[in-house]
Amino acid sequence: MKDLNEVKNMLGEIKVDNSVPRNIRNKIEEVMVQLDRDDCELDIKVSRLLNDLEEISEYPNLPSYIRTEILTTIGILSEI
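Keep in mind the model is a prediction, meaning the values are calculated, not measured. (Residues numbered from 1 in each chain as written. Predicted model: local features only at pLDDT ≥ 70, side-chain atom pairs only at ≥ 80, totals over all residues. Heavy atoms only, no water.)

## Describing the nonpolar core
As a reminder, the rule being used: Only buried residues count toward a nonpolar core. Its members are Ala, Val, Leu, Ile, Met, Phe, Trp, Tyr and Cys residues joined through side-chain atoms within 4.5 Å. Relative accessibility under 20% of the residue-type maximum defines a buried residue, over 50% an exposed one, and the middle range a partly exposed one, all with a 1.4 Å probe and only protein chains included. By definition in these notes, contact holds between two residues if any of their heavy atoms fall within 4.5 Å.
With 23 residues, the main nonpolar core has Leu-11, Ile-28, Leu-53, Ile-70 and Leu-77 as its most contacted residues. When near neighbours in sequence (up to four residues on either side) are disregarded, Leu-11 contacts Ile-28, Val-31, Met-32, Leu-53 and Thr-73.

Here it is in structure tokens:
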């Protein structure tokens, strides 16, 4: 699905950004693993991803431009 690939690409860019704290990159990696799994329905997967990304967006040490990217990603997922 095009939207999920777009989300995966956006998260991949965040994951390789060295200015992002390691704990956040690790959490992004966990979200990306969930994105690739096929163990549940799409709507359940999207709901889990949205919850995880919203949690990440609230981290106090998250750079503001990364927060914007995550919120954009949340917006894309919300439309699926």
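And the narrative resumes.
## Let's talk about the environment of Asn-23
Worth spelling out the cut-off: Helix and strand definitions here come from DSSP, where helices need a minimum of 4 consecutive H or I residues and strands a minimum of 2 consecutive E residues; each element is numbered from the N-terminal end.
Assignment of secondary structure puts Asn-23 in helix H2 (residues 22-36). Note: C-alpha distance between Asn-23 and Ile-44 (21 residues apart in sequence) is 25 Å. Excluding residues within four positions of it along the chain, Asn-23 makes contact with Tyr-59 and Asn-61.

## Brief notes about the side chain of Asp-52
To keep things clear, this is the line we draw: None of His or the chain ends enter the tally, which takes Lys and Arg as positive and Asp and Glu as negative. The rule for a salt bridge is simple: a side-chain nitrogen of Lys or Arg has to be within 4 Å of a carboxyl oxygen of Asp or Glu.
Looking at the secondary structure, you find Asp-52 in helix H3 (residues 42-57). For the buried Asp-52, no salt bridge is present, and the opposite-charge side chain at shortest range is Lys-27, 4.3 Å distant. Once you skip the residues sitting within four places of it in the chain, Asp-52 turns out to touch Lys-27, Val-31 and Gln-34.

## Remarks on the packing of H3 against helix H4 (residues 64-78)
Where we set the bar: Every angle, taken between N-to-C directions, lies between 0 and 180 degrees, and every axis is a line fitted to C-alpha atoms, over only the stretch in contact when it is a helix. If an angle is under 35 degrees, it is roughly parallel; if it is over 145, roughly antiparallel; if it lies from 65 to 115, roughly perpendicular; otherwise it is oblique. Helix crossings fall into two classes, left-handed where the near helix is turned counterclockwise from the far one by less than a right angle and right-handed where it is turned clockwise.
Taken N-terminus to C-terminus, the directions of H3 and H4 make an angle of 160°; their axes are 10 Å apart at the nearest point. One element, H3, and the other, H4, form an angle in the roughly antiparallel class. Considering only the axes of H3 and H4, their crossing is left-handed. Note on element contacts: H4 touches H3 through Arg-67, Ile-70, Leu-71, Thr-73, Ile-74, Leu-77 and Ser-78, opposite Val-46, Leu-49, Leu-50, Leu-53, Glu-54, Ile-56 and Ser-57.

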